[in-house]
Amino acid sequence: MEYRSLGSSGLKVSALSFGAWVTFGTQIFVDSALDIMQAAYEGGINFFDNAEAYAGGEAERIMGEVIKQAGWNRSSLVISTKIFWGGKGINERGLSRKHIIEGMLASLRRLQLEYVDLVFCHRPDIHTPIEETVRAMNYLIDQGLAFYWGTSEWSAEELLEAYHIARREHLIPPSMEQPQYNMFHRDRVEREYARLYDQIGLGTTVWSPLASGMLTGKYLDGIPKKSRFDLEGYEWLRKRLDSPEGKRQLEIVRQLKPVAERLDCTLPQLALAWCLKNPHVSTVITGASKRSQVEENLRSLEVVPRLTAELMEEIEQILGNKPEGFTDHR
Ligand code: NDP
């Protein structure tokens, strides 16, 4: 495993990490989650991602139980949660001081932990002043309930505002952002945040590196039973497949297949290695419904050095024209 700094912070996160969205509480429960997280941990993964919203809190309960049963040293783990959607009540969502503190305490109870290492604002909240959120996040850290705070899917402008408020008020600024990043979705990470990596030392914990499985090639000939696109409640993903954009993406995956074959790797390994190649990515959060997927995905690390400048250019051609201003992360 390779370990990377989380932005300019002193924290080291495994380049590949593991998250609980969709799978925990829907496809996998404590026994299988233990098996899967054990495979990840044995492969060197130290960062495990969660959120109060995942499976209505069930994902945190399962992860908490796994951590307890596995008996790992707490100091060997980096655990995160994300606050925003805590319940249906008017004050059980968003980024008010009230919900941030109540949401954090409820997450810790479900996780059976005294603290998380990272806490994220799961989305921006246009109804709460950013200063209130910055102060509440600072409070969580001062109370020892979290060590670092960050955001997820905030605009560069919102991130900068939070950073400047924190600096002005002598509070702790955000250390990391959790954006979507994969071969089909790159604008924020490569262009919008480009200045923030140096300017505010932003780290990134990127999500859906396989575009929910699209980039594995498993949907090239229909929807396999029990795959994510086959799950109840994920009809929106299925619909995407039939859209013109979905068809374009499948065609790209088809063209990537021979590239993976030439590299002697699988499509998921190629797609993950491509994300890892970007130096502004602190960690790539993977998801898996099976142990075998974790084992396959871990081997993507071996593919990174094989992605030469020529190969990256070839992939760029397959993905379509590179929009102006995108990072050349070769
Ligand atoms: P991916 O895009 O990598 O999709 C993971 C899914 O793809 C798996 O659950 C599995 O689904 C399938 N898969 C994975 N590996 C393989 C393989 N080798 N072969 C075939 N199929 C494979 O990531 P996620 O969308 O799961 O996101 C990862 C994490 O990111 C989440 O768990 C969460 O922690 C975080 N996240 C954060 C968000 C945010 O708003 N901040 C939003 C979304 C995710 P299956 O077997 O069921 O088909």
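The structure presented is a predicted model; accordingly, all values stated were derived computationally and were not measured. (Residues numbered from 1 in each chain as written. Predicted model: local features only at pLDDT ≥ 70, side-chain atom pairs only at ≥ 80, totals over all residues. Heavy atoms only, no water.)

Chemist: Any chance you could explain the pattern of salt bridges here in plain terms?
Modeler: Should the charged atoms of two oppositely charged side chains come close, the side chains can pair. Per the stated rule, a full pass over the model turns up 21 salt bridges. Arg 291 is the salt-bridge partner of Glu 295, the closest N and O atoms lying 3.0 Å from each other. Placement of the pair is Glu 295 and Arg 291 together in helix α11 (residues 291-298), with a separation of 4 residues, close to one helical turn. (Salt bridge = Lys/Arg side-chain N within 4 Å of Asp/Glu carboxyl O. Helix = DSSP H or I, 4+ residues; strand = E, 2+ residues; numbered from the N terminus.)

Chemist: Help me understand empty space enclosed by the protein, please; the structure alone is not making it clear to me.
Modeler: If a probe the size of a water molecule is rolled over the atoms, the empty space left behind becomes visible. Tallied over the full model, the rule gives 2 cavities of 30 Å³ or more. Here the second largest cavity defines a volume of roughly 40 Å³. Along the walls of the second largest cavity sit Leu 16, Phe 18, Ile 45, Thr 286, Val 294, Asn 297 and Leu 298, which together make up its complete lining. Broken down by secondary-structure element, the contributors of at least two residues to the lining of the second largest cavity are β3 (16-19) and α11. The dominant element in the lining of the second largest cavity, judged by the number of residues it contributes, is α11, at 3 residues. Broken down by class, the residue content of the lining of the second largest cavity amounts to 5 nonpolar, 2 polar and no charged. (1 Å grid on protein atoms, 1.4 Å probe; cavity = no way out; pocket = protein on both sides within 12 Å on 5 of 7 lines; lining within 4 Å. Points joined across faces, edges and corners; volume = space filled by probe spheres on them. Nonpolar A, V, L, I, M, F, W, Y, C, P; charged D, E, K, R; others polar.)

Chemist: Please explain the site of the ligand as it appears in this structure.
Modeler: Within the structure, the ligand sits among 33 residues, and Asp 49, Ser 208, Lys 218, Arg 228 and Ser 289 are positioned closest to it. Backbone polar atom of Ser 212 to an oxygen atom of the ligand: 2.8 Å apart, as the coordinates give it. Between a nitrogen atom of the ligand and a side-chain N or O atom of Glu 296, the distance comes to 3.2 Å. When atoms are counted within 2 Å of each cavity's grid points, the one that captures over half of the ligand is the largest pocket. Element by element, the count of residues in the shell around the ligand is highest for α11, at 3 residues. Residues belonging to the shell around the ligand are distributed by class as follows: 11 nonpolar, 16 polar and 6 charged. (Near = heavy atom within 4 Å. Polar contact = N/O pair within 3.5 Å; in protein donor to acceptor, adjacent residues only side chain to side chain. Sits in = over half its atoms within 2 Å of the grid points.)

Chemist: When you look at the packing of helix α9 (residues 244-262) against helix α13 (residues 309-319) in this model, what are you seeing that I'm missing?
Modeler: Where α9 contacts α13, the two axes come as close as 9 Å, and the packing angle between them is 160 degrees. The angle between α9 and α13 places the two elements in the roughly antiparallel class. Where α9 crosses over α13, the handedness of that crossing is right-handed. Note on element contacts: α13 touches α9 through Leu 311, Glu 314, Ile 315, Ile 318 and Leu 319, opposite Arg 248, Ile 252, Gln 255, Leu 256, Val 259 and Arg 262. By residue class, the composition of the contact of α9 with α13 is 7 nonpolar, 1 polar and 3 charged. (Axes fitted to C-alpha atoms, helices over the stretch in contact; angles between N-to-C directions. Parallel < 35°, antiparallel > 145°, perpendicular 65-115°, else oblique. Left-handed = near helix turned anticlockwise from the far one by under 90°. Contact = heavy atoms within 4.5 Å.)

Chemist: Just checking my understanding: could you explain the packing of helix α4 (residues 130-142) against helix α5 (residues 156-168) for this structure?
Modeler: The relative placement of two packed helices comes down to the angle between their axes together with the axis-to-axis distance. Taken N-terminus to C-terminus, the directions of α4 and α5 make an angle of 60 degrees; their axes are 9 Å apart at the nearest point. Taken together, α4 and α5 sit at an angle that is classed as oblique. For the crossing formed where α4 meets α5, the hand is right-handed. Contacts between α4 and α5 involve Ile 130, Glu 131 and Val 134 from the former and Glu 158, Glu 161, Ala 162, Ile 165, Ala 166 and Arg 168 from the latter.

Chemist: Whenever I open this one, the side chain of Ser 152 confuses me. Can you help?
Modeler: Take Ser 152: it is sitting in the loop between β7 (146-151) and α5. Setting aside chain neighbours within four positions, we find Ser 152 in contact with Cys 121, His 122, Arg 123, Pro 124, Glu 177, Gln 178 and Trp 207.

Chemist: Which parts of the structure should I look at to understand the layout of surface pockets?
Modeler: Space inside the largest pocket adds up to approximately 980 Å³. Along the wall of the largest pocket there are 49 residues; nearest its centre are Trp 21, Val 22, Ser 208, Ser 212 and Arg 228. Put simply, the parts of the chain that give the lining of the largest pocket at least two residues each are α8 (235-242), β10 (283-286) and α11. Its residues assigned to classes, the lining of the largest pocket shows 20 nonpolar, 19 polar and 10 charged.

Chemist: Help me out: how do you make sense of the environment of Met 176 in this one?
Modeler: In this structure, Met 176 sits in strand β8 (residues 176-177). Assessed through its relative accessible area of 0%, Met 176 is described here as buried. As for Met 176 and Ser 282, which are separated by 106 residues in sequence, their C-alpha atoms are 9.0 Å apart. Setting aside its immediate chain neighbours within four residues, Met 176 contacts Leu 6, Leu 118, Val 119, Phe 120, Tyr 148, Trp 149, Gly 150, Thr 151, Leu 202, Gly 203 and Thr 205. (Buried < 20%, exposed > 50% of the residue type's maximum accessible area, 1.4 Å probe, protein only.)

Chemist: Would you take a moment to explain the nonpolar core for this structure?
Modeler: Most often, soluble globular proteins keep nonpolar side chains buried together rather than apart. By size, the foremost hydrophobic cluster in this structure holds 106 residues, and its most contacted members are Phe 24 and Leu 270. Sorting elements by how many residues they give to this core places helix α10 (residues 267-276) first, with 8 residues. Setting aside its immediate chain neighbours within four residues, Phe 24 contacts Phe 18, Ala 33, Met 37, Ala 55, Ala 59, Ile 62 and Met 63. Formed by 9 residues, the second largest nonpolar core is a distinct cluster that contains Leu 6, Leu 11, Phe 47 and Ile 285. (Core = buried A, V, L, I, M, F, W, Y, C linked by side-chain atoms within 4.5 Å.)

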